[in-house]
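# Coordinate inspection notes
Okay, here's what each chain looks like letter by letter:
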Amino acid sequence: MLSLRLHHPSPRKPYLSPSPFVNPQSLNLSPNSTTTLPLRRNSLKIQSIDAAQFFDYESNLAAQFRYASMLKIAVIGFGNYGQFLAEALVAQGHTVLAHSRSDYSKTAQDLGVSFFSDPHDLCEQHPQVILLCISIISAEPVLKSLPLQRLLRNTLFVDVFSVKEFAKALLLKYLPPHFDILCTHPMFGPQSPKNGWKGLPFVYEKVRIGSEESRVWRCDKFLSIFEREGCRMVEMSCAEHDKYAAESQFITHTVGRVLGMLHLESTPINTKGYETLLDLVKNTEGVSFDLYYGLFMYNKNALEMLERLDVAFEALKKQIFGLLHNSVRDQIFGDAEKGRTLQEDNANRAQNGAALASSSRASRSPKIARPHDQKAEVSDESRLDIAIVGFGNFGQFLAKTIVRQGHKVLAFSRSDYSEVAHKLGVSYFSDVDDLCEEHPDVILLCTSILSTEKVLSSLPLHRLKRNTLFVDVLSVKEFPRNLFLQTLPPEFDILCTHPMFGPESGKNGWNGLVFVYDEVRVGSEESRVSRCDQFLDIFAREGCRMVEMSCAEHDKHAAGSQFITHTVGRILEKLGLESTPINTKGYETLLNLVENTAGDSFDLYYGLFMYNVNAMEQLKRLDMAFESLRKQLFGRLHGFVRKQNFETSDEVEKCIQRVV
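- Going by an unreviewed UniProt entry, the protein chain carries the name Arogenate dehydrogenase 1 and comes from Pyrus ussuriensis x Pyrus communis.

Next up, the structure:
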């Protein structure tokens with residue numbers, strides 16, 4: 001058996017033999033290095049032995065190499081973020097030292113970190129890397145206070161600031177030329193990586209790295225910490241980073257903070273888009289205002305983005321108010337109280353036993369809950385003849401499911417959709433009189449909000465059965481409710497609904513999606529009660545989350561969720577946001593929001609504003625929140641400039657006094 005054994009010839013130049021475990025060039029053995037291997041500086045020779053050694057020499061040598069390849073990293077600023085990074089550094093086997101103005105010695109001990117209250121003591125430990133985890137605002141005074149003379153002359157300085165041009169200029173200004181500089185931005189924090197750092201962007205620029213192999217290795221070794229955790233490593237210049245970050249990170253935090261000021265709450269009718277905004281608020285509210293202010297103060301591109309956001313919001317408001325006429329708005333909502341009491345008047349005048357929704361609910365048997373996966377065709381007894389008035393995208397979207405369930409579907413629209421209807425198995429009518437003479441059980445209005453009144457008034461109601469059920473699917477509910485009650489004779493039944501999804505959000509099925517309804521006026525006869533239930537059952541069979549609430553309650557919730565969601569999406573659309581190489585999760589949320597809202601017509605959005613009495617209040621609140629945030633930013637900026645000017649004046653005054 002062969003082994004390596006130490007031999008002791010006359011002293012000579014130290015030499016380490018090549019080994020599959022050790023790359024001599026990769027070891028930091030420069031004169032300034034503190035990393036050494038516990039090996040004697042003797043040559044080696046091959047010698048045979050008769051018995052196995054009591055330890056595996058090669059495994060021991062490999063362990064020594066692993067120990068030698070670890071870094072000694074000093075974290076300056078041991079707050080939440082410093083502790084967050086330190087935990088990963090220690091887990092990978094690196095030696096971590098820490099210094100902070102506050103006493104985190106107990107926390108450091110728990111994490112396996114050596115804490116130093118005096119920066120001189122820390123620097124005398126000769127760490128290979130100084131990792132700056134301080135706030136942007138305190139960066140300059142902290143850097144100026146470090147005893148650089150106590151560090152090794154080639155120490156690597158690394159920052160993790162959210163802005164990079166400022167950090168780069170600061171480090172180049174205060175660090176002597178023999179120090180290495182690496183500017184980085186881990187675009188995540190303690191809140192964002194719930195399941196680790198995999199796929200999250202880590203941006204870096206090697207600003208100044210010495211050409212010696214040991215210094216190049218040290219820089220690469222530090223970057224490998226994040227690469228090993230699965231980060232998406234993005235190398236780009238600091239200037240390029242700040243340009244992208246102003247569009248993505250700053251806008252994301254701004255939108256999150258504005259929405260946070262609105263105190264948005266979850267509603268019983270949350271849409272997917274609204275839930276993403278709630279998540280955005282939750283993620284940004286955990287970030288200190290100092291960090292957000294730093295994104296604004298120290299990124300020269302941020303002011304331009306804030307101004308563009310302001311211009312976009314103003315443009316959207318002008319677009320809305322340009323279409324709004326107070327006289328029309330008064331006409332819609334002026335008789336709201338009359339519309340609410342009209343239901344009682346109709347009940348008194350009804351000749352066919354029509355009753356209020358409350359009395360009809362009391363007389364009917366409980367509905368049978370069906371499992372979400374029960375999508376078989378309905379029986380002949382349960383089959384409805386449903387006439388869809390307005391056979392555009394949404395009408396066709398609903399028709400597919402209604403036909404699949406076995407109901408008969410008729411359709412009418414101003415445009416010719418006969419070919420589309422034929423492919424879907426729908427009977428198309430170009431004359432609305434012909435459609436009404438078919439005596440459908442249900443008239444399903446799938447028109448736009450703006451055209452609903454005109455379409456309803458044009459229908460030949462006298463050609464329908466006297467107890468036909470009218471159903472709308474508009475995104476606002478008080479308006480169609482009042483319109484139906486004012487326009488339809490008392491013998492017609494009324495069901496106001498809002499499927500809170502569409503062709504895009506419901507393309508993979510409706511399971512779990514919200515369907516809101518209000519049985520405004522349904523006759524007490526069993527056949528009419530059953531017909532209403534059969535229609536609602538179309539959506540229950542598909543797994544919709546059925547939410548029964550009044551039209552007034554719906555509009556109150558929708559103004560705080562749906563209208564705000566669409567407003568934010570349209571403001572961001574006007575900014576022309578684009579994907580960047582350093583997208584954060586929050587920014588991707590905003591891009592998805594823009595994509596989803598941009599697909600809706602402006603008429604739909606305008607209808608959410610025009611025909612929801614609560615929308616104006618929400619728009620004002622959003623405007624006030626944005627203005628408040630701007631004042632907060634510019635107020636602090638003014639204070640900073642003022643302080644700087646007065647400090648300069650004081651210094652000049654002191655100099656004059658000394659000269660005198």
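### Focus: the packing of aromatic side chains
- In total, this model carries 33 aromatic pairs according to the counting rule given.
- Here the aromatic rings of Trp197 and Phe226 are separated by 5.7 Å at their centres, their planes lie at 15°, and the arrangement is stacked. Note that Trp197 is positioned in the loop between strand E8 (180-186) and strand E9 (201-208) and Phe226 in helix H7 (residues 213-228), a separation of 29 residues in sequence. Comparing Trp197 with Phe226, the two get one shared label, buried.
- The interplanar angle of 65° and the centroid separation of 5.8 Å between the aromatic rings of Phe289 and Tyr292 together place this pair among those described as edge-to-face. Of this pair, Phe289 and Tyr292 both sit in helix H10 (residues 289-297), three residues apart, which is roughly one turn of that helix. We note that Phe289, like Tyr292, is buried.
- Among the aromatic residues, those joined into a cluster by ring pairs are Tyr81, Phe84, Phe188, Trp197, Phe202, Tyr204, Phe222 and Phe226.
- The positively charged end of Lys317 is found above the aromatic ring belonging to Phe313, 5.0 Å away from the centroid.

### Structural notes on the packing of helix H21 (residues 551-575) against helix H22 (residues 585-598)
- One way to put it is that H21 packs onto H22 with a least axis distance of 8 Å and a crossing angle of 100°. When the axis of H21 is compared with that of H22, the two are roughly perpendicular. Together, Thr565, His566, Val568, Gly569, Arg570, Leu572 and Glu573 of H21 and Leu590, Leu593, Val594, Thr597 and Ala598 of H22 make up the contact between the two elements.
- When grouped by side-chain class, the residues that make up the contact of H21 with H22 number six nonpolar, four polar and two charged.

### A look at the pairing of strand E12 (residues 408-412)
- Within E12, four of the five residues are buried, leaving the element largely enclosed by the surrounding structure.
- Note that strand E11 (residues 385-389) and E12 share five bridges and pair parallel. In the sheet register, Asp385 faces E12, and the bridge partner there is Lys408.
- As for the winding sense of the linkage, the β-α-β connection from E11 through helix H15 (residues 393-404) to E12 is right-handed.
- Direction of pairing for E12 relative to strand E13 (residues 427-429): parallel, over a ladder of three bridges.

### Concerning the side chain of Thr565
- Among the structural elements, Thr565 can be located in helix H21.
- Among residues more than four places away in sequence, those in contact with Thr565 are Gly273, Tyr274, Leu277, Leu593 and Thr597.

### As for H15
- Taking 1.5 Å of rise per residue, the 12 residues of H15 would be expected to cover 16 Å, and the 17 Å separating its terminal C-alpha atoms lies within 8% of that figure.
- By the burial criterion, the buried members of H15 are Gly395, Gln396, Phe397, Leu398, Ala399, Thr401 and Ile402.
- As for H15, its buried residues are in contact with E11, E12, helix H16 (418-424), strand E14 (442-445) and helix H20 (526-541).
- Positive phi appears at Gly406, one or two residues downstream of H15, with a value of about 105°.

### Brief notes about the sheet that holds strand E17 (residues 514-521)
- The eight strands lie next to each other as E13-E12-E11-E14-E15-E16-E17-E18, forming an open sheet whose pairing is mixed. In this open sheet, the two strands that pair with only one neighbour each are E13 and strand E18 (545-548). Between one strand axis and the next, the sheet turns through 25° on average, direction left out of account.
- With five bridges connecting them, strand E16 (residues 493-499) and E17 associate as antiparallel partners.

### Notes on the pattern of salt bridges
- Overall, the coordinates contain 26 salt bridges when judged by the stated rule.
- Between Asp310 and Arg630 there is a salt bridge, and its shortest N-O distance comes to 3.6 Å. Remark: Arg630 occurs in helix H24 (residues 615-659) and Asp310 occurs in helix H11 (residues 302-323); sequence separation between them is 320 residues.
- Put simply, Arg463 and Glu437 hold a salt bridge, and the shortest N to O gap is 3.0 Å. Taken as a pair, Arg463 in the loop between helix H18 (452-458) and strand E15 (469-472) and Glu437 in the loop between helix H17 (432-436) and E14 lie far apart in primary sequence, 26 residues in all.
- Judged by its relative accessible area of 30%, Arg463 is partly exposed.
- Ionic contacts of the salt-bridge type, sharing partners, join the residues Asp180, Glu212, Arg215 and Arg218 into one network.

### Considerations on the state of the cysteines
- The tally for this structure, following the rule as stated, stands at zero disulfides.
- With no disulfide of its own, Cys551 has Cys496 as its nearest cysteine by sulfur position, at a separation of 4.1 Å.

### Structural notes on H21
- Counted at 1.5 Å a residue, the expected span for H21 with its 25 residues is 36 Å, and the 34 Å between its end C-alpha atoms agrees.
- Along its length, H21 reaches its greatest deviation from straightness, about 50°, at Ala558.
- Within H21, 19 of the 25 residues are buried, which leaves it mostly tucked inside the rest of the structure.
- Backbone geometry just downstream of H21 places Gly576 in the positive-phi region, at approximately 65°.

### With respect to the nonpolar core
- With 114 residues, the main nonpolar core has Phe157, Leu259 and Leu572 as its most contacted residues.
- Contacts of Phe157, omitting those with residues within four sequence positions, involve Ile130, Leu132, Leu143, Leu146, Leu148, Leu151, Leu175, Phe179, Asp180, Ile181 and Leu182.
- Counting residues in each nonpolar core, the second largest holds 34 residues, with Phe84, Leu85, Phe188 and Trp217 among its members.

### Some details on the sheet that holds E8
- The strand order across the open sheet formed by eight strands is E5-E4-E3-E6-E7-E8-E9-E10, and the pairing between neighbours is mixed. The open sheet terminates on both sides in strands that have one partner only, identified here as strand E5 (114-116) and strand E10 (232-235). Averaged over all pairs of adjacent strands, the angle between their axes in this sheet comes to 25°, without regard to strand direction.
- Examined bridge by bridge, strand E7 (residues 156-159) and E8 share four bridges and lie parallel to one another. Paired with Phe157 across the strands is Ile181, a residue of E8.
- Sheet strands touched by helix H6 (residues 165-174): strand E6 (129-132), E7, E8 and E9. Its angle to E8, the strand with the most contacts, is close to 160°.

Conventions we followed
- Residues numbered from 1 in each chain as written.
- Predicted model: local features only at pLDDT ≥ 70, side-chain atom pairs only at ≥ 80, totals over all residues.
- Heavy atoms only, no water.
- Phe/Tyr/Trp six-rings, centres within 6.5 Å; stacked < 30°, edge-to-face > 60°.
- Helix = DSSP H or I, 4+ residues; strand = E, 2+ residues; numbered from the N terminus.
- Buried < 20%, exposed > 50% of the residue type's maximum accessible area, 1.4 Å probe, protein only.
- Lys NZ or Arg CZ within 6 Å of the ring centre and 35° of its normal.
- Axes fitted to C-alpha atoms, helices over the stretch in contact; angles between N-to-C directions.
- Parallel < 35°, antiparallel > 145°, perpendicular 65-115°, else oblique.
- Contact = heavy atoms within 4.5 Å.
- Nonpolar A, V, L, I, M, F, W, Y, C, P; charged D, E, K, R; others polar.
- Pairing = 2+ DSSP bridges.
- Right-handed = clockwise from strand over helix to strand, strands pointing away.
- Expected span 1.5 Å × (residues − 1).
- Salt bridge = Lys/Arg side-chain N within 4 Å of Asp/Glu carboxyl O.
- Disulfide = S-S within 2.5 Å.
- Bend = angle between axes of the 7 residues up to and from the residue.
- Core = buried A, V, L, I, M, F, W, Y, C linked by side-chain atoms within 4.5 Å.

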